Protein chains: 2
Amino acid sequence: MQDGPLQHLIKTLSGLPGLGNRSARRIALHMLAHKNQTMLPLADLLKRTAEEIRTCSVCGNLDMHDPCAICQDVKRSESQICVVAQISDLWAIERTSAYKGRYHVLGGLLSALDGIGPDQLNLSSLIRRATNPDVSEIILALSATVDGQSTAHMIADHINRPGLEVTHLAHGVPVGGELDYLDDGTITTALRSRKASA
Amino acid sequence: MQDGPLQHLIKTLSGLPGLGNRSARRIALHMLAHKNQTMLPLADLLKRTAEEIRTCSVCGNLDMHDPCAICQDVKRSESQICVVAQISDLWAIERTSAYKGRYHVLGGLLSALDGIGPDQLNLSSLIRRATNPDVSEIILALSATVDGQSTAHMIADHINRPGLEVTHLAHGVPVGGELDYLDDGTITTALRSRKASA
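Residues numbered from 1 in each chain as written. Chains lettered and ligands numbered in written order. Predicted model: local features only at pLDDT ≥ 70, side-chain atom pairs only at ≥ 80, totals over all residues. Heavy atoms only, no water.

Observations regarding the nonpolar core
Item 1. Ranked by internal contacts, the top residues of the largest apolar core, which has 72 residues, are Leu-9 of chain A together with Leu-9 of chain B.
Item 2. Here Leu-9 of chain A is in contact with Ala-28, Met-31 and Met-39 of chain A together with Leu-42, Leu-45, Leu-46 and Thr-49 of chain B, once residues within four sequence places are set aside. (Core = buried A, V, L, I, M, F, W, Y, C linked by side-chain atoms within 4.5 Å. Buried < 20%, exposed > 50% of the residue type's maximum accessible area, 1.4 Å probe, protein only. Contact = heavy atoms within 4.5 Å.)

Some thoughts on the layout of surface pockets
Item 1. Taken as a whole, the largest pocket holds about 630 Å³ of empty space.
Item 2. If you go around the largest pocket, you meet 25 residues; those closest to its centre are Gln-86, Ile-87 and Ser-88 of chain A together with Leu-29 and His-30 of chain B.
Item 3. Taken together, the elements giving at least two residues each to the lining of the largest pocket come down to strand E1 (54–55) and helix H5 (87–96) of chain A together with helix H2 (21–33) of chain B.
Item 4. Ranked by residue count, the leading element in the lining of the largest pocket is H2 of chain B, at seven residues.
Item 5. Tallied by class, the residues present in the lining of the largest pocket amount to ten nonpolar, eight polar and seven charged. (1 Å grid on protein atoms, 1.4 Å probe; cavity = no way out; pocket = protein on both sides within 12 Å on 5 of 7 lines; lining within 4 Å. Points joined across faces, edges and corners; volume = space filled by probe spheres on them. Helix = DSSP H or I, 4+ residues; strand = E, 2+ residues; numbered from the N terminus. Nonpolar A, V, L, I, M, F, W, Y, C, P; charged D, E, K, R; others polar.)

Some words on the interface of chain B and chain A
Item 1. Residue-level contacts link 45 residues of chain B with 45 residues of chain A.
Item 2. Counting the surface lost from both chain B and chain A, the interface buries some 4500 Å², and carbon and sulfur atoms represent 77% of this.
Item 3. Its largest share of buried area at the contact with chain A, chain B owes to Pro-5, Leu-46 and Trp-91 of chain B, together 16% of the area lost on that side.
Item 4. Across the chain B-chain A interface, the total number found is zero salt bridges.
Item 5. Applying the counting rule to chain B against chain A returns four residue pairs in polar contact (both at pLDDT 80 or more).
Item 6. Only helix H1 (5–14), H2, helix H3 (35–52), strand E2 (62–63) and helix H5 (87–96) of chain B provide two or more residues apiece to the side of chain B that touches chain A.
Item 7. Ranked by residue count, the leading element in the side of chain B that touches chain A is H3 of chain B, at 13 residues. (Buried area = accessible area lost by both parts, 1.4 Å probe. Salt bridge = Lys/Arg side-chain N within 4 Å of Asp/Glu carboxyl O. Polar contact = N/O pair within 3.5 Å; in protein donor to acceptor, adjacent residues only side chain to side chain.)

Overview of the relation of the copies chain B and chain A
Item 1. For the match of chain B to chain A, the screw axis carries a shift of 0.0 Å, the RMSD comes to 0.1 Å, and the turn is 180 degrees. Here the transformation between the copies is reduced to the relation of a two-fold axis. Residues of chain B ranked by C-alpha distance from the rotation axis are headed by Ala-43 of chain B, positioned 2.1 Å from it.
Item 2. An overlap of 100% is found between the interface residues of chain B and their copies at the interface of chain A, pointing to a shared contact surface. (Least-squares fit on C-alpha atoms with pLDDT ≥ 70 in both.)

Comments concerning the sheet that holds strand E5 (residues 137–140) of chain B
In a beta sheet, neighbouring strands are held together by backbone hydrogen bonds and run either parallel or antiparallel to one another.
All names here are of chain B.
Item 1. Read from one edge to the other, the open sheet built from four strands follows the order E4-E3-E5-E6, with strand pairing classed as parallel. Edge positions in the sheet fall to strand E4 (102–105) and strand E6 (165–168), since each has one partner strand and no second. Each strand of the sheet is rotated relative to its neighbour by a mean of 25 degrees, with strand direction disregarded.
Item 2. Bridge analysis of strand E3 (residues 80–84) against E5 gives four bridges, and the strand direction is parallel. What sits directly across from Ile-81, in E5, is Ile-138.
Item 3. Contacts between H5 and the sheet are confined to E3 and E4, with E4 contributing the most and set at about 155 degrees to the helix. (Pairing = 2+ DSSP bridges. Axes fitted to C-alpha atoms, helices over the stretch in contact; angles between N-to-C directions.)

Describing the pattern of salt bridges
Residue and element names in this part refer to chain A.
Item 1. All told, the structure shown has six salt bridges over all chains when counted by the stated rule.
Item 2. In this structure, the salt-bridge partner of Glu-52 is Arg-48, at a minimum N-O distance of 3.4 Å. Separated by four residues within a single helix, Glu-52 and Arg-48 lie in helix H3 (residues 35–52), roughly one turn from each other.
Item 3. Owing to a relative accessible area of 27%, Glu-52 belongs among the partly exposed residues under this scheme.
Item 4. Looking at Arg-48, the relative accessible area reads 38%, which means it is partly exposed.

Okay, structure coming up:
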C-alpha cells in the first residue's frame, strides 16, 4: 500500500469509536468512489460543525447558539431539570418527545476506575441551577449501573433543599422485552413496582 | 435535537458503509469532544485525499501518481498480472508481501443480480495488457463465489493466447482454520488437492 494522505485518512478513521482498520479502509474506499457526493461535502461539514457548534454554558448541550435552543425555548418548563450523563442521552430523551423541561449534561459519571471525580463533571453549575426557586424537580436520568447510581446519590446529597423534588427514571420491563431474557434484578424491581392495570 | 450542521454531519456519516444512526451519532460526539485533535485534521485529510488521490490509468489502483507506485516499480516483475475485484483485495495481497508482480483492478465482479456486465468492469485494458508478450501469467485472485468464478471464466476466455498461463488462487483449508467448522466443498477441494508433506 502506498504512503500518503489516504493512509493517514485510514489511520485517523480507524481511531474513531466503533471503527477498526478494516471498516476504516472500507469507508475510505467508498468515499474515494464518491468524492463529490460524500468526501468533499463531509470535509466541509466537519469544518463547519467544528466552527459553529459550541457547548451551552447553561446546560452543557451542543448547539449553534449559547444558550442552546432548549434553554432558550420559552415553551419548555423551567421548573424541571433532567440530568443526563452525555449529550447522546439528551438526544435519546428528545427523540421520545415525552419531556418538555430543561436539561443538564454532566459530561460523564463518577467512576473510581476511570479516575472521574466530582470535579471532572459539570456539577457546580447544576448545584447553582438547583438553588433557583423556580426549579421544583430534578429528574436524574442516569444509567442503572453502579457508576450511574453513585453519581445520582452524590447529586441528590448536594442539591437537597425543601420544595425541590429529586426523582429518577422508573425501573422495569423494557417495552417489547421478553421476561425470559431479563435479569433477575429487573424482574424483582418490576414486580415490586407493579401497577394496577387500567 | 436542534437542526444544523451537526445533524447534517450525522446524516452524512450514517450513510457510510457499516455505519448507522447510532454509530454516526457516537462518532460525531466523539469528534466534537476532540475538535482540534480529530475533527479539523480529518476535514483537511478528506479534502487532501480527494484532491491528491487518483486512479491509476494502467491498473486501476489508487495512488498520488499515475501510473501508480506499483506500476512504476521497476523491481516488480512485469511478467505477472494479478487480477483483483477491488482495491481492498489488492491491499490484502500487498499486506502479505508474498507477491512481487503487477496488478489489475476490475472494480467489481460480473453480477446478473446487480446488473453488472463486462462493460461496467475495467476489462478492455486488461485484455490489452494481456496481449503484451512480456506478460507470461495472469493470476485471477477473485472470490470463490458464483460471481467471482463467472468473472474468472469470462476473463480466461478473453485473454487466451499461446504462452500466457492463466492461474487462480489455491482452494483449501484456511491457515488456522478448524476442519469441524469448514463447509463440505472446501474440505472436498482440500482433499483432492492434497500435497505430499515435506
